[in-house]
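Residues per chain, in single letters:
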Amino acid sequence: MSDGEMHTGGCVCGAVRFRAIGKPKRVTVCHCTWCQRRTGSAFGVEAVFDEADIEIAGDTVGRYRHRSDESGRWLDIEFCTRCGSNLGFTLEAVPGIRTLPAGAFDEAGWLTARAQEFRHVFARSRRDWADLGAAAEVHERHFRG
Ligand SMILES: [Zn+2]
Ligand SMILES: [Zn+2]
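Residues numbered from 1 in each chain as written. Chains lettered and ligands numbered in written order. Predicted model: local features only at pLDDT ≥ 70, side-chain atom pairs only at ≥ 80, totals over all residues. Heavy atoms only, no water.

**Brief notes about the coordination of the zinc ion (ligand 1)**
Here is the rule: Because no water is among the atoms considered, metal sites can look incomplete, with donors defined as N, O and S atoms within 2.8 Å of the metal, or 3.2 Å for Na, K and Ca. Just to be clear on the cut-offs, tetrahedral is four donors with all angles between 85 and 135 degrees, square planar is four donors and octahedral six with opposite donors over 155 degrees apart and all others between 65 and 115, and anything else goes down as irregular. The numbering of helices and of strands both runs from the N terminus, where a helix is a DSSP run of H or I of at least 4 residues and a strand a run of E of at least 2. For each residue, the accessible area found with a 1.4 Å probe, counting protein chains only, is set against the maximum for its type, and the residue is called buried under 20%, exposed over 50%, and partly exposed in between.
The coordination sphere of the zinc ion (ligand 1) contains the protein donors Cys11 (SG), Cys13 (SG), Cys80 (SG) and Cys83 (SG), at a distance range of 2.3 to 2.4 Å. Around the zinc ion (ligand 1) sit 4 donor atoms, and with donor-metal-donor angles ranging over 105 to 112° the site reads as tetrahedral. If you list the donors of the zinc ion (ligand 1) from N- to C-terminus, the spacing comes out as C-x1-C-x66-C-x2-C. With Cys13 in the loop between strand E1 (6-10) and strand E2 (17-21) and Cys80 in strand E7 (residues 74-80), this residue pair connects regions lying 67 residues apart in the sequence. Looking at Cys13, the relative accessible area reads 29%, which means it is partly exposed.

In structure tokens:
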């Protein structure tokens, strides 16, 4: 266990809170079709920790076991049964680690691509809107003003 640094986060409704000790081992930006479907977005962004460095508190943690079509191995997705927020997952392929969704931490400043090791995986199914660059309008808030 690393000492010092601790980061907290949780679901949208606040019923589930988590804390992680230390920095993630890496941050995986996963473009697989499974992550696109489970997040409803272009990719999942998962901060990967040792299970021992994470505590999750709350009585609305739900779990769904998915079996990979390709490998046949399981992934246990966790989510808040009250608000539906993604709470990361554990996977048979890599015992002893779990992920937390990078966007669910309270503070954004420490979890940056400069400070942490980020990796794109399953780029073969990357959506063309995963990185629009200058192709889209940018508004600091909403365009409705
Ligand atoms: Zn919730
Ligand atoms: Zn994925």
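The rest of the description comes next.
**Remarks on the pairing of strand E8 (residues 86-91)**
Definition in use: A pair of strands is considered paired only if DSSP assigns at least 2 bridges between the two.
Burial of E8 is extensive: 5 of the 6 residues sit out of reach of the surface. A loop of 5 residues connects E7 with E8, the two strands running antiparallel in sequence, and Gly84 in this loop sits at a positive phi of about 85°.

**With respect to the coordination of the zinc ion (ligand 2)**
Metal coordination angles have textbook ideals: 109.5 degrees for a tetrahedral set of four donors and 90 or 180 degrees for an octahedral set of six. The protein atoms that coordinate the zinc ion (ligand 2) are Cys30 (SG), Cys32 (SG) and Cys35 (SG), at distances spanning 2.1 to 2.3 Å. Sequence spacing of the donors to the zinc ion (ligand 2): C-x1-C-x2-C. We note that Cys30, like Cys32, is buried.

**What to know about the nonpolar core**
For the record, the criterion: Within this scheme, the nonpolar core is defined by two criteria: the residues are buried Ala, Val, Leu, Ile, Met, Phe, Trp, Tyr or Cys, and they are joined through side-chain atoms within 4.5 Å. Residues count as neighbours in contact if any of their non-hydrogen atoms are within 4.5 Å of one another.
Counting 12 residues, the largest nonpolar core is built from Phe18, Ala20, Val27, Ala47, Phe49, Ile54, Leu100, Ala102, Ala104, Phe105, Trp110 and Leu111. Of all the elements in the fold, those that place two or more residues in this core are E2 and strand E4 (44-50). Residues within four places of Trp110 in sequence aside, it is in contact with Glu5, His7, Pro24, Phe49, Phe105, Ala115 and Gln116. One finds Trp34, Val48, Leu75 and Phe89 within the second-largest nonpolar core, a separate group that totals 10 residues.

**Points about the sheet that holds E2**
Under the convention used in this document: Between N-to-C directions, angles span 0 to 180 degrees; the directions come from axes that are lines fitted to C-alpha atoms, helices contributing only their stretch in contact.
Taken in spatial order, the 3 strands line up as E1-E2-E5 in an open sheet, and their pairing is antiparallel. At either end of the open sheet lies a strand with only one pairing partner, and these are E1 and strand E5 (54-57). Averaged over all pairs of adjacent strands, the angle between strand axes in this sheet comes to 15°, irrespective of strand direction. In the sheet, E1 pairs with E2 via 5 bridges, with the strands oriented antiparallel. Its bridge partner being in E2, Gly9 is matched across the sheet by Phe18.

**Examining the side chain of Glu78**
Going by this rule: Pairs of N or O atoms within 3.5 Å make up the polar contacts considered here, provided that, within protein, one atom can donate a hydrogen while the other can accept it, and that residues adjacent in sequence are counted only when both atoms are side-chain atoms.
With respect to the helices and strands, Glu78 occurs in strand E7. Engagement of the side chain of Glu78 in a polar contact is seen with the side chain of Arg98, the distance being 2.4 Å. When near neighbours in sequence (up to four residues on either side) are disregarded, Glu78 contacts Ile56, Val61, Gly62, Arg63, Ser85, Asn86, Leu87, Gly88 and Arg98.

**A look at the environment of His66**
By the secondary structure assignment, His66 is in strand E6 (residues 61-67). Along the chain, His66 and Asp76 lie 10 residues apart, while their C-alpha atoms are 6.3 Å from each other. Contacts of His66, omitting those with residues within four sequence positions, involve Trp34, Arg73, Trp74 and Leu75. A distance of 3.4 Å separates polar atoms of two side chains, one belonging to His66 and the other to Trp34.

**Here's the deal with the pairing of strand E3 (residues 26-30)**
Among the 5 residues in E3, 4 count as buried, and that is most of the element. Across 5 bridges, E3 lies against E4 in antiparallel orientation. Looking across to E4, one finds that Cys30 is bridged to Gly44. Pairing of E3 with strand E10 (residues 118-121), which is carried by 4 bridges, proceeds in the parallel orientation. The residue of E10 that forms the bridge with Thr28 is Arg119.

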